[in-house]
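Residues per chain, in single letters:
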Number of protein chains: 2
Amino acid sequence: MRQQRMLIPTQRDVPGDAEAASHRLMLRAGLIRQLSSGIYSYLPLGLKALQHIQAIVREEMDAAGAQEMLMPALHPAELWKASGRWDVYGPELMRLEDRHGREFALGATHEEVITSLVKDEIHSYKKLPVTLYQIQTKYRDERRPRFGLLRGREFLMKDAYSFDRTDSGLDDSYTSMYNAYVRIFTRCGLKFRAVEADSGAIGGTDTHEFMALADIGEDTIVHCPSCQYAANLEKAVGRIPQLAESLDTNNDSAVSELVKTHTPGVSTIKQLGQFFKQSPAQIIKSIALEADGTPVIVLLRGDYELNEVKLKQAIGAENVTLLSEDGILKLGSTPGFIGPIGLQNVKIIADVSIYGMKNAIVGANEPDYHLLHVDLHRDLPGLTFQDVHNVAEGELCSHCGNELSFAKGIELGHVFKLGTKYSRSLGATFSNENGVTEPIIMGCYGIGVSRVLAAVIEQHYDEQGILWPETLAPFSIHLLTVHVHDEMQMKLSQDIYTSLQNAGYSVLWDDRDERPGVKFNDSDLLGFPLRITVGKKANEQMIECKERRSGKQYELMANQLLSHCQSFFQSGGISNHE
Amino acid sequence: MRQQRMLIPTQRDVPGDAEAASHRLMLRAGLIRQLSSGIYSYLPLGLKALQHIQAIVREEMDAAGAQEMLMPALHPAELWKASGRWDVYGPELMRLEDRHGREFALGATHEEVITSLVKDEIHSYKKLPVTLYQIQTKYRDERRPRFGLLRGREFLMKDAYSFDRTDSGLDDSYTSMYNAYVRIFTRCGLKFRAVEADSGAIGGTDTHEFMALADIGEDTIVHCPSCQYAANLEKAVGRIPQLAESLDTNNDSAVSELVKTHTPGVSTIKQLGQFFKQSPAQIIKSIALEADGTPVIVLLRGDYELNEVKLKQAIGAENVTLLSEDGILKLGSTPGFIGPIGLQNVKIIADVSIYGMKNAIVGANEPDYHLLHVDLHRDLPGLTFQDVHNVAEGELCSHCGNELSFAKGIELGHVFKLGTKYSRSLGATFSNENGVTEPIIMGCYGIGVSRVLAAVIEQHYDEQGILWPETLAPFSIHLLTVHVHDEMQMKLSQDIYTSLQNAGYSVLWDDRDERPGVKFNDSDLLGFPLRITVGKKANEQMIECKERRSGKQYELMANQLLSHCQSFFQSGGISNHE
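Residues numbered from 1 in each chain as written. Chains lettered and ligands numbered in written order. Predicted model: local features only at pLDDT ≥ 70, side-chain atom pairs only at ≥ 80, totals over all residues. Heavy atoms only, no water.

## Brief notes about the overall build of chain A
For the record, the criterion: Each helix is a run of DSSP H or I of at least 4 residues and each strand a run of E of at least 2, with the numbering of both proceeding from the N terminus. Three labels apply to residues, based on accessible area from a 1.4 Å probe with only protein chains included: buried if under 20% of the type maximum, exposed if over 50%, partly exposed otherwise in between. Between two residues, a contact is recorded if the distance between any of their heavy atoms is within 4.5 Å. When charges are tallied, Lys and Arg are placed among the positive residues and Asp and Glu among the negative ones, while His and the ends of the chain are skipped. Taken as the charge centre is NZ of Lys, CZ of Arg, CG of Asp or CD of Glu, depending on the residue.
In terms of regular secondary structure, chain A is built from 15 helices and 31 strands. Based on the C-alpha atoms only, the size of chain A along its principal axes is roughly 95 × 65 × 50 Å. In chain A, which comprises 578 residues, the proportion classed as buried is 55%. A sequence separation of at least 24 residues applies to 69% of the contacts in chain A between residues at least 6 apart. Charge separation in chain A, taken as the distance between the mean sites of 58 positive and 75 negative side-chain charges, equals 4 Å.

So, in structure tokens, the structure goes:
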């Protein structure tokens, strides 16, 4: 393509709220433009990269035996009401009425639609297993759209759904999708990890999130540098201490008796630490909650955070909220000074992080008082210990015992064993070999296609602009004519352009009548793998190459170019040129 | 692909409201399924055909120099308010509010979005002309969705927009798109005509609709079998009689005087014809209208229909409605018996079809009376004659004088010279060579991509099923194994399947354990160009071919198949086999 007439509106300045590098670069390189908050147009270069990702996704999904189809974005409300999600989904689900007053949702995901379709079309075990997928536009009315394509309200997604007869069939479908995801993200040039994730309230079992490692990421990945363990913060577990039947207290240093101390206005962990000159690790945080209507006190190490997902699983609760002030007073305690000692009629859950703790500080359940020298074993002998805290950096890996690290990640995709949640609620069943009706066993598998585009840029850029992986670059080669009024340069450029195109390379030819500095800067910004400059040595048939990623620059004779390109792209965008 | 596990749910019966052949066949062949009225899912086979159309559209648009991009479906209301269409578009435009109460439209078309984008990105004549296109999902809340994909509420469209500096530039862009459309529809195997269409109130000049000829079509095409003239009914004109300055009445047969006749309860053209035993062509229909608030009487031949578009243009009105009963009485007339003679203070427009009419019948402007023996020239000497009727079949072609014919058509696409309507209302300007700011001159060009799919089937089917054009068939070859438990048949089928796939053919292999009758019927229904049956002569390496379109059937040795396929598909799906 010739650049003069192409819509590639590069720009120097971007809005101040463009915090993410990918967001800034996609605006600056003219890949996208915002139409409304979280809603973007893809300009020609942005769409080309997006289409390259789609092609990779399609190839790998097809290779994994999945069948492509395409479902609508307008979903009748009845389907979402049947699954129960019309009410549960909240304001993220965009809703509208048609001219006859019938309610619709703009599809945020397609479990309802696909399950209802499969219910009507598949009735026999003979037609199972089957995995169906689509690449389609999704709508989620995010409370705070941001980071450009990383968190949008209208975005492109690949969603796949597997339908199996048995749990082991689901295992196979899941593994097949998992492996396809590994190939897809690898081909996109991404550094990523598949992390164990929480399956939430959906009732599934296994689930993995594929996370691109990037500082802008909104998710925390806990991973072990020594072994392959990785999980998101909701799911991650550290090494749990051995919980002995009875603690051997003989070889302990002498334990002091409980002391009630006046701590006027001192109620936060930080204040307590300063007041007593103690590490927060010696303070026990007591959190009063209401779990499905019943009060619960959770005890945590002062420097640890509660993991709500783990807590829900530990106590089998669906909804957990903070207990109201009234509720705290009814327990016989007081806000800001809650503690486990002396409380009656309330369930107490102790996190494993405080197992065996001595000489601890807790609230005294009356205003402005704390208890010192608490020995959990002595003072609260019947405590139940469970893992209900977020893993902290430096905790030990439960697999290999080395210290766990944290990283930030962008969620690229998600594989999920749904089980029978949707097939049961929507009535998708099959008759098995014996003629008995059973619910179909489902899995679902998503990739944020437009988010992948942003994540790739988030991992591939430098000060000057984008550093496209060869597989996704909108064009492989940027041909740049320094002076378009120079006949010699134009003639040589035209010859090179034609021969590269004939050889099957995608080439953008910068034939604009602009200052060379502008053109070189734009070229670095656009960031295609190889730049070929036709300048003042055109009369000698000499051209200049620049490899965008390595920055290597060198001269070549024009007639060497084709074989040079061949070796450059065959070696994955690294030449042997010295 | 192997058919056993593919989602191709063929069916015998379809809903009774599936009137269109394409609708019935797409349901029966398992190409689509309805999710809600006018909203469909594409199953794997339907999507493959749709993707083939998309690929053709893309190739021809790219070849015409258009650049692909992708815009959102969610449009902020402000843009549509700025263009004035938020109020004008009516209930067809689907609307919703986001979680913050901001109004959005679901894009029915993208003039506002693209114009606003170009306004921000293009400012100089140097960047013009440019044509941008997208293939994207559109939303129109049709009052009466029907005929499957022919009139849906969520559908796939290719929309392109050209931006030019001058009118002659627009002419070039328009011609380029027009020619691309001819290539696209030809490659899709469609019989179509480009017809002159009315440019409506948008204020453009040229516009053509591309119509597929099909009886189910909702549009009437007027065309001349002798020359190339074709127009839609709104736009079509027949030969206009010479309107002389004064009529020579000397050589007429003696004209009787006006007679007022009692016609009790006789008011329609049909009743009058029967009452007076006269042809409707001798009766003058008087239609009382209100044009932009002013009463108008239109006179038409009794058997002709008013063309509202022509009338609006003739009198320069924007809104034309029927005059109320009160309005008619105020004119001194009476409903059902309106006539032009004796009416004061009202503009009278006479259609050219009644020019020079003598001995005509008109209403007498009082209840139950008509006037006979009307001579327009004598009784209404100052009449203005204009073409405000729908052309009737058999009228003469204004180009060549032969009789015009009618046909029914499905609108496939539309090319339109918009001019500056949107660039002016949204402020999209450029500075010309002299630094003077001018509005950009626009054209818009649409193709109903999903409608093309239905139109193709509407033109290509028989009693047994679909007859796919080679360019669009979901698979080129249907390989059918008669008995899947016969090892010989399966072995030969597998060999053929592999060798055809290796040779680059797309093959669906019916490896289902079904009765042969079911498989042959399904194969005819799916309608791929070539069927290869592996049956009881597998032990002799003998197979059977059936050409779906011609119905030709013949046996072949398996080792002849590849060369046979090559000649079959090279000749466009017609073999020389005897």
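Back to the write-up after that little detour.
## Here's the deal with the relation of the copies chain B and chain A
Quick note on the threshold: What sets the superposition is a least-squares fit of C-alpha atoms, and only residues with pLDDT of at least 70 in both copies go into it.
Once chain B is rotated about the relating axis by 180 degrees and shifted along it by 0.0 Å, it coincides with chain A to within an RMSD of 0.1 Å. Put plainly, the chains are arranged around a two-fold axis. In terms of proximity to the rotation axis, the leading residue of chain B is L96 of chain B, whose C-alpha is 2.6 Å off the axis. Most of the interface of chain B is mirrored in chain A: 100% of its interface residues are interface residues there too.

## Some points on the interface of chain B and chain A
This is how it is decided: Using a 1.4 Å probe, buried area is obtained as the accessible area two parts lose upon being combined, added over both of them. Whenever Lys or Arg places a side-chain nitrogen within 4 Å of a carboxyl oxygen from Asp or Glu, that contact is recorded as a salt bridge. Only Asp, Glu, Lys and Arg are considered charged in this grouping, and only Ala, Val, Leu, Ile, Met, Phe, Trp, Tyr, Cys and Pro are considered nonpolar; every other residue, Gly among them, is considered polar.
Contacts between the two partners involve 60 residues from chain B and, on the opposite side, 60 residues from chain A. Counting the surface lost from both chain B and chain A, the interface buries some 5,100 Å², and carbon and sulfur atoms represent 58% of this. Among the residues chain B hides against chain A, the three largest losses belong to R5, L35 and R99 of chain B. Together they make up 14% of the total. Here chain B and chain A share four salt bridges between them. For R33 of chain B, the salt bridge identified is with E121 of chain A, shortest N-O distance 2.6 Å. It is helix α2 (residues 44–63) of chain B that contributes the most residues to the side of chain B that touches chain A, five residues altogether. For the side of chain B that touches chain A, the per-class residue count stands at 33 nonpolar, eight polar and 19 charged.

## Structural notes on helix α12 (residues 449–459) of chain A
Across the 11 residues of α12 of chain A, 11 count as buried, placing the element largely inside the fold. All of the buried residues in α12 of chain A are V449, S450, R451, V452, L453, A454, A455, V456, I457, E458 and Q459 of chain A.

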